[in-house]
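Read off the chains here:
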Amino acid sequence: KNEVEQSPQNLTAQEGEFITINCSYSVGISALHWLQQHPGGGIVSLFMLSSGKKKHGRLIATINIQEKHSSLHITASHPRDSAVYICAVRGDTGNQFYFGTGTSLTVIP
Amino acid sequence: DTAVSQTPKYLVTQMGNDKSIKCEQNLGHDTMYWYKQDSKKFLKIMFSYNNKELIINETVPNRFSPKSPDKAHLNLHINSLELGDSAVYFCASSPVRAGGYGYTFGSGTRLTVV
């Protein structure tokens with residue numbers, strides 16, 4: 001079993017819909033990251049969280065340390081949001097990294 | 001200005017060859033990483049260097065050897081390439097060693113071993 005599980009694996013949404021991607025992890029962490037991989041392959045770091053909630057534009061990321069769960073929300077989704085979203089955690093000793101398998105999002109106009 | 005640059009972008013080579021992938025960052029970050037993304041798009045960390053010091057060395061065949069001449073560069077050398085080494089390799093950097101801040105990724109190097 002992977003230390004980081006994401007759901008759903010694939011997601012198709014209509015433009016304008018509110019989208020949620022979930023991430024659960026089973027290890028102690030020092031930080032959780034949300035990454036976005038574009039269809040062309042490039043990877044962008046969206047958020048780093050160790051507690052609470054962060055917002056950047058239409059993107060919101062939350063984390064519940066007790067429940068070992070994080071969510072990435074996209075409000076007013078747009079076709080340019082189509083990408084793979086990857087949840088990654090850094091272990092609490094600082095030297096381990098674990099990655100989810102990614103959620104492939106397609107937003108249809 | 002490209003923050004994290006990798007070269008080459010594409011690399012096709014025969015089994016048994018030795019090849020290198022270069023990575024440079026101009027962000028002044030202390031820590032650099034190499035990640036491997038397999039055909040199923042699964043990312044896995046390979047190495048991490050902080051100020052030229054190796055701090056993460058995951059279970060990777062010893063055919064893979066990172067080299068960091070200075071904190072702005074982290075190159076990946078691969079000896080005796082095998083078919084299973086075909087993947088996209090990403091370099092990244094971050095400003096702190098532990099505790100975690102956001103990463104900046106390079107655009108990836110697609111390695112194909114034939």
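Higher on the page you've got the structure.
Residues numbered from 1 in each chain as written. Chains lettered and ligands numbered in written order. Predicted model: local features only at pLDDT ≥ 70, side-chain atom pairs only at ≥ 80, totals over all residues. Heavy atoms only, no water.

*Asks:* When you look at the pairing of strand 2 (residues 10-13) of chain B in this model, what are you seeing that I'm missing?
*Replies:* As a general feature of sheets, a regular strand has side chains that alternate between the two faces. Residues and elements named next belong to chain B. Residues of strand 2 alternate between two faces, with Leu11 and Thr13 buried on one and Tyr10 and Val12 left unburied on the opposite face. Where strand 2 and strand 11 (residues 109-113) come together, four bridges link them in parallel fashion. Note that in strand 11 the partner of Leu11 across the bridge is Leu111. (Buried < 20%, exposed > 50% of the residue type's maximum accessible area, 1.4 Å probe, protein only. Helix = DSSP H or I, 4+ residues; strand = E, 2+ residues; numbered from the N terminus. Pairing = 2+ DSSP bridges.)

*Asks:* I'm lost on the pairing of strand 7 (residues 64-70) of chain B in this one. Help?
*Replies:* All names here are of chain B. In this sheet, strand 8 (residues 73-78) lies alongside strand 7 in antiparallel orientation, the contact comprising five bridges. Residue pairing for strand 8: Phe64 is matched across the bridge by Ile78. The hairpin formed by strand 7 and strand 8 contains two residues between the paired strands.

*Asks:* Would you explain the interface of chain A and chain B in this entry?
*Replies:* Interface size is commonly expressed as the accessible surface area that is lost when the partners come together. Taken residue by residue, the interface counts 17 residues in chain A and 19 residues in chain B. Both sides together, the interface formed by chain A and chain B hides about 1,700 Å², and carbon and sulfur atoms give 61% of it. If you sort the residues of chain A by the area they bury against chain B, Ile43(A), Phe97(A) and Phe99(A) come out on top, with a joint share of 33%. Across the chain A-chain B interface, the total number found is zero salt bridges. Put simply, chain A and chain B have three residue pairs in polar contact (both at pLDDT 80 or more) between them. When contributions to the side of chain A that touches chain B are tallied by element, the ones reaching two or more residues are strand 4 (29-37), strand 5 (43-49), strand 9 (83-91) and strand 10 (97-99) of chain A. Ranked by residue count, the leading element in the side of chain A that touches chain B is strand 4 of chain A, at five residues. Its residues placed into classes, the side of chain A that touches chain B shows seven nonpolar, nine polar and one charged. (Contact = heavy atoms within 4.5 Å. Buried area = accessible area lost by both parts, 1.4 Å probe. Salt bridge = Lys/Arg side-chain N within 4 Å of Asp/Glu carboxyl O. Polar contact = N/O pair within 3.5 Å; in protein donor to acceptor, adjacent residues only side chain to side chain. Nonpolar A, V, L, I, M, F, W, Y, C, P; charged D, E, K, R; others polar.)

The values are spatial; any link to function lies outside them.
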